[in-house]
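# Per-entry structural report
Given next are the chains, with one letter for each unit.
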Amino acid sequence: MTAPDPTADPTSDPTFALRLERWGADLRAAVDELYDDGDAVAQRLVDVAARRYAERPADLRVLDERRLLEPDWLQQPRMFGYACYADRFAGDLAAVGRNVDHLTDLGVTYLHLMPLLATREGDNDGGYAVADYRTVRPDLGTTDDLRDLATSLRSRGISLVVDLVLNHVAREHPWAVRARAGDPAYRRWFHVFPDREQPDAYERTLPEVFPDFAPGSFTWDDDLDGWVWTTFNSWQWDLNWADPDVLVEFADIVLDLANLGVEIFRLDAIAFLWKRLGTDCQNQPEVHAITQALRAVARIAAPAVAFKAEAIVGPRDLVQYLGLGKRAGRVSDLAYHNSLMVQVWSMLATSSTTLARRALGALPPTPTTATWIGYVRCHDDIGWAIDDGDAAAVGLDGTLHRRFLSDWYAGEYPGSWAHGLVFQSNPATGDRRISGTAASLVGLEDDPDAALARLHLAHAVVAGWGGIPVVWSGDELAQPNDPGWADEPGHAADNRWAGRPRLDPTRAAQRHDPGTVPGRAYTGLAHLARVRAGLPQLHASAPSEILDGTDDGVLATVRRHASGPMVGLYNVTATPRSFPVHRLHEAGLTAPYDALGGRPVTGGADGAFELAPYAACWVVDGRPG
């Protein structure tokens, strides 16, 4: 028996035909929401899928089948992430491949390499001003190097994650160059206005992303003879997704990179894609239709591919990116749990879980097929996304609490142990965001022992919540802020680089020595990953619920899974706290056992279990394994 030759006519291949039957309706429904000529657009996207399917390498076709046989692969407890800039981690893509042991020893199965595609010269927003989606940055290597790295990582059980900047391109991108040269087709790929009438109308409801160095959302361009939409920087031009050519081009880009071995795409600035007058031009319904269309195309041609939504939005909007209602199971597979990150830092600063219990408990449930990305911090600054309604419900003023958190982590509040830097202070709104490494934010410079305890606790909360926990490069070694962050070209105006230090080889060499600060941090995180991988209760389909009625200094969560429940206990204070053992029994645990500490959980004379300062426990029924 001979399989049909997919290069002759991919649509005649039974596998392609079955996938088209399965996901074609999702594709058609999405484009019909977006464009008047849905038939034509859908057919163009199917043609793209067929061509890239025919080109897909044999080993990646095997990966496609493996992923289809394990559709919950991203939800498995073995998933443990790491994020870094390739150059700051190792030097270039080839060097990343030579340093994989640093990742596998930590338990990493998911590697997010920050923007690695060709960017504009000079300031490029940390790589997010893309000048060519089909070329790797020359200082990092070539597309062949990217393919080789993806193949090497895959052989070690690590999935490669790459950024795809959807909202904008660099002014120097060929599309923008053609628009500036007068090509009307490419001019339509951008939002260009002849005068200030419409920009001014939009500006009335648009927030400023970078008020310090990029005020406003529109930039005059002499070559265009018009105002172009520039949400982030004057040299980052927003794309017009209302033009179907943009969608078709990006579908091809996704599949081109997927055929190099990229498994997960971080959809950068996805919340901003669709513009609507009278709104903040974020989280519009069309954003989710765009994602659905891209996902359907990827499922047809390369079902091993997954999407991660970079939507740093309010808690109520966040779950939409994982799919609710008619979008359930049809949009992003992953989304950042920004609210969890903010609440972790809030608990550490206040030694209180009251607000966190309210905020995290009020989130709507996620689709069972989707997964959170949890993180203590990322490459960016920390913005204090505290919902005013949540704050008011627990007797706090949202504005004052956000101000307190900024003051605390800038080290300006009495008693603060933090060494963060204020980023983008806006006196008009009171917005003051914070930059810095996790080690500096937890006070490593003043008290290493207490700081390491806070650092481990923060990562334990995230790893025990569910989804995929992701560690930012350097945090596994407790690296403090980079003292020379402003010395590199293009960095002086952006103190976020203080929290993006180059991986210190001296600290990395100490990673297995528990007698050193880097060794304590690294082995502690590796322990979290190892224990996590053996706990089926941490499968992402089991939601985390908040247990109320506890000591205000203890965050208690319960995850109910078919294999049994798991209770997470986290003391966010610098003093011992207790937790009644009968609450564990009520949660369904007959023989409580702390999987992290490797010991039974028993009560004292008062029937309570004592939690040491900044302690974390993952309590299951009986000894795992």
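All figures in this text were calculated on a predicted structure; none of them were measured in a lab.

What counts, and at which threshold
Residues numbered from 1 in each chain as written. Predicted model: local features only at pLDDT ≥ 70, side-chain atom pairs only at ≥ 80, totals over all residues. Heavy atoms only, no water. 1 Å grid on protein atoms, 1.4 Å probe; cavity = no way out; pocket = protein on both sides within 12 Å on 5 of 7 lines; lining within 4 Å. Points joined across faces, edges and corners; volume = space filled by probe spheres on them. Helix = DSSP H or I, 4+ residues; strand = E, 2+ residues; numbered from the N terminus. Nonpolar A, V, L, I, M, F, W, Y, C, P; charged D, E, K, R; others polar. Axes fitted to C-alpha atoms, helices over the stretch in contact; angles between N-to-C directions. Left-handed = near helix turned anticlockwise from the far one by under 90°. Contact = heavy atoms within 4.5 Å. Pairing = 2+ DSSP bridges.

### Observations concerning empty space enclosed by the protein
Counting across every chain of the model gives 7 cavities of 30 Å³ or more. Taken as a whole, the largest cavity encloses approximately 160 Å³ of empty space. Surrounding the largest cavity, 18 residues form its lining, Arg266, Tyr336, Tyr375, Cys378 and His379 being those nearest its centre. For the lining of the largest cavity, the secondary structure elements donating two or more residues are β2 (110-113), β14 (371-375) and β17 (468-472). Looking at the lining of the largest cavity element by element, the count peaks at 3 residues for β17. By residue class, the composition of the lining of the largest cavity is 11 nonpolar, 2 polar and 5 charged. There is about 60 Å³ of room inside the second largest cavity. What lines the second largest cavity is Leu206, Pro207, Ser217, Trp229, Thr231, Phe272, Lys275, Asp280, Cys281 and Gln282.

### Let's talk about the packing of helix α1 (residues 14-34) against helix α2 (residues 38-55)
Remark: α1 packs on α2, axes separated minimally by 10 Å, with the N-to-C direction vectors making an angle of 145 degrees. For the pair α1 and α2, the crossing hand works out as right-handed. Contacts from Thr15, Phe16, Arg19, Leu20, Leu27, Arg28, Val31 and Asp32 of α1 reach α2 at Gly38, Asp39, Val41, Ala42, Leu45, Val46, Ala49, Ala50 and Tyr53. Here the contact of α1 with α2 is built from residues that sort into 11 nonpolar, 2 polar and 4 charged.

### Digging into the sheet that holds strand β25 (residues 616-621)
Spatially, 6 strands are ordered β18-β19-β20-β25-β22-β23 in an open sheet, and the strand pairing comes out antiparallel. Of all strands in the sheet, those with a lone pairing partner are β18 (544-546) and β23 (599-600), marking the two edges. Pairing of strand β22 (residues 592-594) with β23 involves 2 bridges; the strand directions are antiparallel. For Tyr593, the partnering residue across the bridge sits in β23 and is Pro600.

Note that every value here comes from positions in space, so none of it alone points to a role or purpose.
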